[in-house]
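Chain by chain, the residues:
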Amino acid sequence: MGGAAASAAAWCWWPPLPEEPELWRLVVLAVVLLLPSRGPAPEDGEMLGKGVGGGGGSKAPKPSFVSYVRPEEIHTNEKEVAEKEVTLHLLPGEQLLCEASTVLKCIQDDSGQHGICGKLVCTDFKIAFLGEESTLDDNEPQFKNKLIGENDITLHCVDQIYGVFDEKKKPLFGQLKKYPEKLIIHCKDLRVFHFCLRYTKEEEVKRIVSGIIHHTQAPKLLKRLFLFSYATAKQNSTATGPTHQTVMFDTIKDWHWELERTKGNIKYKAVSANEGYKVCEKLPAYFVVPVSLPEEDISCFQGRGIPIWCWSCHNGCALLKMSAFPKEQDESNLQIQKAFLDGIYKTIHNPPYETLKTEDLSNSFISLQEIQTSYSKFKQLFLIDNSSEFWDTDVKWFSLLESSNWLDIIRRCLKKAIEVIECLEVQNTNVLLIEENASDLCCIISSLVQVMMDPYCRTRFGFQSLIQKEWIMGGHCFLDRCNHLRQNDKEEVPVFLLFLDCVWQLVQQYPPAFEFTETYLTVLSDSLYIPIFSTFFFNSPYQKDANVGKESQDSQNKPLSLLTVWDWSVQFESKAQILLNNPLYVEKPKPDRNPRRAPHFKHQRQLSLPLNPNKSSPKRGFFETDHLIKNLLGKRISKLINSSDELHDNFREFYDSWHSKIVDYHGLLLPHIEGPEIKVWAQRCLRWIPEAQILGGSPVAIMNKVLEMMEEVQSLQKKIDEKHNSLMAPPLDGLSLLRKPARLSSLFPFALLQRHSSKPVLPTNSWKTLGDEEDLAKQEDEFVDLGDV
Amino acid sequence: MEKSSSCESLGSQPAAARPPSVDSLSSASTSHSDHSAHIKSASVISSDSISTSADNFSPDLRVLRETNKLAEMEEPPLLPGENIKDMAKDVTYICPFTGAVRGTLTVTNYRLYFKSMERDPPFVLDASLGVISRVEKIGGASSRGENSYGLETVCKDIRNLRFAHKPEGRTRRSIFENLMKYAFPVSNNLPLFAFEYKEVFSENGWKLYDPLLEYRRQVLSWIHPESQATITRCSQPMVGVSGKRSKEDEKYLQAIMDSNAQSHKIFIFDARPSVNAVANKAKGGGYESEDAYQNAELVFLDIHNIHVMRESLRKLKEIVYPNIEETHWLSNLESTHWLEHIKLILAGALRIADKVESGKTSVVVHCSDGWDRTAQLTSLAMLMLDGYYRTIRGFEILVEKEWLSFGHRFQLRIGHGDKNHADADRSPVFLQFIDCVWQMTRQFPTAFEFNEYFLITILDHLYSCLFGTFLCSSEQQRGKENLLKRTVSLWSYINSQLEDFTNPLYVSYSNHVLYPVASMRHLELWVGYYIRWNPRMKPQEPIHSRYKELLAKRAELQKKVEELQREISSRSSSSSERAGSPAQCATPVQTVV
């Protein structure tokens, strides 16, 4: 029995026999015994957090419902509970919409299923369960999200809602005719909640179920996002400017800075042609184009067909992106577009000094549809309702994983990025990524290329700036892709999550190369669904500016100031933020102020590669104007880059040659993409599953040991400084975050209290058939006389 | 990372001038075959990282070296007791990863060695002969086409080596004959190399394990320090179809039960699937009936027999060597069942450990024979329950006790020096055990004192026949062969250079019971072992090297603190200082990693 059972608020649900029955007097307990029975329903709110509440209503509890708690215990505990009543914490601007009492949250642990009694509420920000709070003792690590508690689900985090009717699980949507006895909520961060409504009053069940369904599934207007209520309510309270060092790319200065940092300013310029979104609502107010591009060209086709700069490589080659023209039937328009592209092409392709390769991502690469299908299969593998489901799927785990195709999609993204890098790095050509709107796959590939090539992007601020540049300013449609407004399920594609998963692969392959940890990536992925931050809740910078009133001429109305996700202190205390930083990050060598100016150090691994810029590229004839133009015109005929065997050989040679050399954590970083090296992002995917919990083990154990060592090193350093000054200094505050390492588990820092006891989890299923090995299995292990040998 | 260049210099410099420690490192990198061209991973894996010295070169070979520069540079390093048996120039090694490469192939009484100066750094392939399970000729004298005439060796460590000879060179026949002779000495009435190996280490590994100190009764494996619950092992009871009973056996179980005051029950774990146990009854074996053995509960653990395991490993090799199919990797892996077997063994050990730890009951473990699956289960359960076995020495003792002393038939299962490669008694029982241990180290990265390299080294010398440790099939045979006197123990080698095998992240929480999660979600194929020949695989544990840097940093700072301390105390020696009393800076230093 865990601590839960000892309190009044805990019920044993489908209980096994208590292990020591003499200690727990068995009390068959009818809920009605303890409560004002069948009387007038208590006012909502009054029962709040009392643990046991709500009359039986029309439903009488089944006799199988048993508690192993003495009645007198319940009474004393009830008092205590009342004292430390669990209250609903509302954020500024947050409103309670509906609620229901006597809801049981079902928790599975090794002694079966428990129910914790409490209240289920739905606000315009979240669904929350108010029950017995998990008590953290002082030594327990604190990694609390300040906005979202253990039992909170933001409305945008809800993925699918199921109802259980007579033991059958059915997805719930729209108007219900019948209300379920149990509510199962699958979340986008892969949590699964089970709420038993059997003891809840019927009208409350109706209210809460339809409320939850409505507020999480009905299409919403942008203006109704909680983001705005929050910002309005917060408006006058705190006006703390962002103190973070993330480059937001919302001013022309930021672009100048980036051009200078990458030495791209010789060939590329920042333009303000789209200030006030005069040219195009898809593009940011400021962006970078080739120096030779006439500014009037930008407005020609509302920014389509314009090569937009992403990043410059140390050898001057640039990564560019371009949105394609819509399919055009009219021959004369086609001619105009063709002539236009011809001119554009001449500005960026001047052999032998400047060559260009195109990479058509909407034609020859993964489709968004594929990503969507794959992820919906993949996530299902982790949204596990109970223990038997876990062990049933365990037997065929690898084939299930493979059939989701998710890991293969990750591999293809990483591979594509390596191919692009090979062009930039070895062949010294510019690379132009083309996609319909240049805001999905373009974002993935261009950011991956930069993470792999530019060590700045592997620092925390660098990575955040990269996301600002390529994703936020790059116009990735977060609102649609996350389906935050529930307006079109077809548009929901986890493109950004795919990117984070690709980065995770790199992080787990080369941990010392990244300033951030996998925990950082995990909390970043969770932040996609928190409608406090503007970062992931708009389709474009234009949409954001238009909706916060920045574009309005009315000077009376101060534009709303929205929070950015990069201000991590909104979510985590500074102590908890320690877990976001990699203590083993290899810092840049000190004398090297500007890594891009130090070719002797950077890209060490490339020095032995055929890197002769004068060598005539075997691909010189590869680029043909016609091909480019046909592609851009939307009449995509042939695959360019992928069809060639030669390309495959180049890729292999480059890949193998890089991997045969020593890794320079501040140079180019290529991931291993062989089957066994692409893995499941275990921290994100398995963190809520009690069966998958390794007590006292897994990466957190390493983290703990490393932090301890850092602490020791720091205190030694301090001692030295101390001694230099020959002064006594106050004792160092230890990192109290991770004490008692043996109590931590692989679920840390996310699910702390999933399992109370330290019994092992035993697989419940047994062997599946061996197939063709059946006859071997029947054989005997030979009995051989020892004398024979 | 100039390890392979030091190997390159092997012949050109007077070998004796090199410090022996560096030497052993350099051969570590070279031994690892196809990786040798890939320096970054070179430090990770090695099979035969034993130092050599110049004295091993016989006088006539010295002459050869002076006359032929190239051959000299392509010669192998030799161990004490090792000598060259055959050498062929102009042999092409067909590397499945980096393509054909031409060089010199040498066969000694211990190893097969190939080196090519064609590449920079030089390409080296080094394999102990013990690892070879089969040698085959490819192509006849009339074979057309490049590289179609030569030899192929199939190895026990998940690789095949293919060499092409020039048909006109006549080198193939003699290499083939020498390989057949020295790779399979047992079939040729020759001694295994372990009996000729003459290295002296600072520690004698044979003295590590004293059975009388380690256990009281022959079959008692482990006793819980608090509850007195025990793990006991035996072979299957001789019940038979007639249901005959053995009074002695029943009494014995009763005694086990009685010795544990806390529980009146005993659990009998039968490693086999229940179907097989029933089938065995027909042959006079079988399982305990609960009528005869009162208060005993029988649990079947569903672990398959040696034949199923052997087949599973064969399939595994097929999918990992030489090429890995990218897109179907996972379903291919699943179809080998290898990890499923690992899961069941771990799950079985978990059940045993759980009964002993939380049930406080004694357990008896057996399979059909009592030295294969039983050894896997008891030793893993002991690793889970007792932190002592997670130290380097503790683990060595565990292997000595549960595997060697209790008579796992290594000779039979591995087939040392035996040319009969198709023998049905071969099975990767011990490999599976080490794999399970590796899975545990993955799940508990700080709970084991040893690192991955330690486990790989054990497996490499399971086959190498360099040490006496894994030879023979029983204590009795080992005594007869006088292994303790005539061979060197693997533990002598390992314990003489512990730094290489130590996990820098080790935290000794010896009192903790570790329960790994026996779910496919947490089991991984051990890439560092099974796919280590593939240079495209990731080198292991960059964290460890970073962590070692931290340790070094700490040591450096510690030194600085002490220096400053001295300075301060010398300056103000008269006044009793409060700033940093000696006790204050006496933070324990542990620089050995």
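Each chain has its residues counted from 1, running along the sequence as written. Chain labels run from A onward and ligand labels from 1 onward, assigned in the order the entries are written. Per-residue local features are limited, in this predicted model, to residues with pLDDT of at least 70; the limit for side-chain atom pairs, both in listing and counting, is 80 or more; totals at the level of whole chains, interfaces and linings are taken over all residues. Neither water nor hydrogens contribute to the side-chain values; these are computed over all heavy atoms in the structure.

- By the naming in an unreviewed UniProt entry, chain B is Phosphatidylinositol-3,5-bisphosphate 3-phosphatase MTMR2, taken from Monodelphis domestica.
- UniProt positions are given in the numbering used here, feature names are shortened, and annotations may be inferred rather than shown by experiment. Heading Sequence similarities (unreviewed entry) of the UniProt record for chain B holds this comment: "Belongs to the protein-tyrosine phosphatase family. Non-receptor class myotubularin subfamily."

- Taking an unreviewed UniProt entry as the reference, chain A is identified by name as Myotubularin-related protein 12 belonging to Monodelphis domestica.

### So, the packing of aromatic side chains
Aromatic rings in a pair are described by how distant their centres are and how their planes are angled relative to each other.
Okay, so step 1: Paired rings are identified among Phe, Tyr and Trp, the last through its six-membered ring, by centres lying within 6.5 Å, and are further divided according to the angle between planes into stacked (under 30 degrees), edge-to-face (over 60) and tilted (the rest). For the structure shown, the criterion picks out 71 aromatic pairs over all chains.
Okay, so step 2: For the pair Phe478 of chain A and Phe496 of chain A, a centre-to-centre distance of 5.3 Å together with 75° between the ring planes defines the contact as edge-to-face. Taken together, the residues span a long stretch of sequence, with Phe478 of chain A in helix α16 (residues 478-481) and Phe496 of chain A in helix α17 (residues 495-509) at a distance of 18 residues. Neither residue differs from the other here; Phe478 of chain A and Phe496 of chain A are each classed as buried.
Okay, so step 3: Between the aromatic rings of Trp403 of chain B and Phe430 of chain B, the centroid separation amounts to 5.1 Å while the plane-to-plane angle is 85°, which identifies the pairing as edge-to-face. A residue pair is termed long-range when its members are at least 10 positions apart, and Trp403 of chain B in helix α13 (residues 392-405) and Phe430 of chain B in helix α15 (residues 429-443) qualify at 27 residues. The numbering of helices and of strands both runs from the N terminus, where a helix is a DSSP run of H or I of at least 4 residues and a strand a run of E of at least 2. Relative accessibility thresholds used throughout: buried, under 20% of the residue-type maximum; exposed, over 50%; partly exposed, between the two (1.4 Å probe, protein chains only).

### Brief notes about the packing of helix α10 (residues 368-380) of chain A against helix α13 (residues 406-425) of chain A
Residues and elements named next belong to chain A.
Okay, so step 1: Think of each axis as a best-fit line through the C-alpha atoms, taken over the contacting stretch in the case of a helix, with angles from 0 to 180 degrees between the N-to-C directions. Contact pair α10 / α13: the axes reach a minimum separation of 9 Å and the direction vectors enclose 135°. Relative to α13, the element α10 is oriented oblique. Between α10 and α13, the contacting residues are Glu370, Ile371, Ser374, Tyr375 and Phe378 on the first element and Trp406, Ile409 and Arg412 on the second.
Okay, so step 2: Residues are sorted three ways: Asp, Glu, Lys and Arg are charged, Ala, Val, Leu, Ile, Met, Phe, Trp, Tyr, Cys and Pro are nonpolar, and all the rest, Gly among them, are polar. Its residues assigned to classes, the contact of α10 with α13 shows five nonpolar, one polar and two charged. Roughly parallel means an angle under 35 degrees; roughly antiparallel means over 145; roughly perpendicular covers 65 to 115; every other angle is labelled oblique. Throughout, a residue-residue contact means that at least one pair of heavy atoms, one from each residue, lies within 4.5 Å.

### Structural notes on the domain arrangement of chain A
All names here are of chain A.
Okay, so step 1: The assigned domain composition of chain A is domain 1 (85-233), domain 2 (252-589 + 618-659) and domain 3 (693-758).
Okay, so step 2: With 41 residues of domain 1 in contact, the opposing surface of domain 2 contributes 42 residues.
Okay, so step 3: The quantity reported as buried area is the accessible area (1.4 Å probe) lost by two parts once they are put together, taken as the sum for both. Summed over both sides, the interface of domain 1 with domain 2 buries roughly 3500 Å², with 61% coming from carbon and sulfur.
Okay, so step 4: When the buried area of domain 1 at its contact with domain 2 is split by residue, Phe143, Lys188 and Leu227 rank highest and sum to 20% of it.
Okay, so step 5: By definition, a salt bridge exists where a carboxyl oxygen of Asp or Glu is found within 4 Å of a side-chain nitrogen of Lys or Arg. One can count three salt bridges joining domain 1 with domain 2.
Okay, so step 6: Across the pair Lys188 and Glu492 runs a salt bridge whose closest N-O atoms are separated by 3.3 Å.
Okay, so step 7: Counted as a polar contact is a pair of N or O atoms within 3.5 Å, where, for protein atoms, one must be capable of donating a hydrogen and the other of accepting one, and residues adjacent in sequence contribute only when both atoms are in side chains. At the boundary of domain 1 and domain 2, one finds 17 residue pairs in polar contact (both at pLDDT 80 or more).
Okay, so step 8: Among the secondary structure elements, those contributing two or more residues to the side of domain 1 that touches domain 2 are β8 (158-165), β10 (182-187), β11 (192-196), α4 (202-217) and α5 (226-234).
Okay, so step 9: Take the side of domain 1 that touches domain 2: its biggest share by element is six residues, from α5. An automatic or database domain assignment supplies the residue ranges for each domain.

### Structural notes on the sheet that holds strand β17 (residues 430-435) of chain A
Residue and element names in this part refer to chain A.
Okay, so step 1: One requirement defines pairing of two strands: DSSP has to find at least two bridges between them. With mixed pairing, the four strands of this open sheet are ordered in space as β14-β15-β17-β16. Both outer strands of the open sheet, β14 (308-312) and β16 (356-360), are each paired with one neighbouring strand and no more. Within the sheet, the average angular offset between the axes of one strand and its neighbour, ignoring direction, is 25°.
Okay, so step 2: Sheet topology places strand β15 (residues 318-323) next to β17; five bridges connect them, and they run parallel.

### Describing the domain arrangement of chain B
Residues and elements named next belong to chain B.
Okay, so step 1: What the domain assignment lists for chain B is domain 1 (77-183) and domain 2 (205-548).
Okay, so step 2: Put simply, the middle of domain 1 and the middle of domain 2, counted by C-alpha atoms, are 35 Å apart.
Okay, so step 3: Carbon and sulfur atoms make up 63% of the surface buried where domain 1 meets domain 2, a total of about 1800 Å² over both sides.
Okay, so step 4: In terms of surface lost to domain 2, no three residues of domain 1 exceed Phe97, Lys156 and Ile158, which account for 43% of the buried area on that side.
Okay, so step 5: Inspection of the region where domain 1 meets domain 2 yields zero salt bridges.
Okay, so step 6: Mapped onto the side of domain 1 that touches domain 2, the elements with two or more residues apiece are β5 (132-138), β6 (150-155) and β7 (159-164).
Okay, so step 7: Tallied by class, residues from the side of domain 1 that touches domain 2 come to 10 nonpolar, four polar and four charged.

### A look at the pattern of salt bridges
Okay, so step 1: Tallied over the full model, the rule gives 47 salt bridges over all chains.
Okay, so step 2: One salt bridge in this structure joins Glu470 of chain A and Lys321 of chain A, with 3.4 Å as the shortest N-O distance. In this pair, Glu470 of chain A sits in helix α15 (residues 460-472) while Lys321 of chain A sits in strand β15, placing the two residues 149 residues apart along the sequence. Neither Glu470 of chain A nor Lys321 of chain A differs from the other in exposure class; each is buried.
Okay, so step 3: We note a salt bridge from Arg532 of chain B to Asp460 of chain B, for which the minimum N-O separation is 2.6 Å. One end of the pair, Arg532 of chain B, is in the loop between α20 (527-530) and α21 (542-571); the other, Asp460 of chain B, is in helix α16 (residues 452-464), with 72 residues separating them in the sequence. Residue Arg532 of chain B shares its accessibility class with Asp460 of chain B, and that shared class is buried.
Okay, so step 4: Through salt bridges with shared partners, a single ionic network connects Asp408, Arg411, Arg652 and Asp656 of chain A together with Glu326 and Arg536 of chain B.

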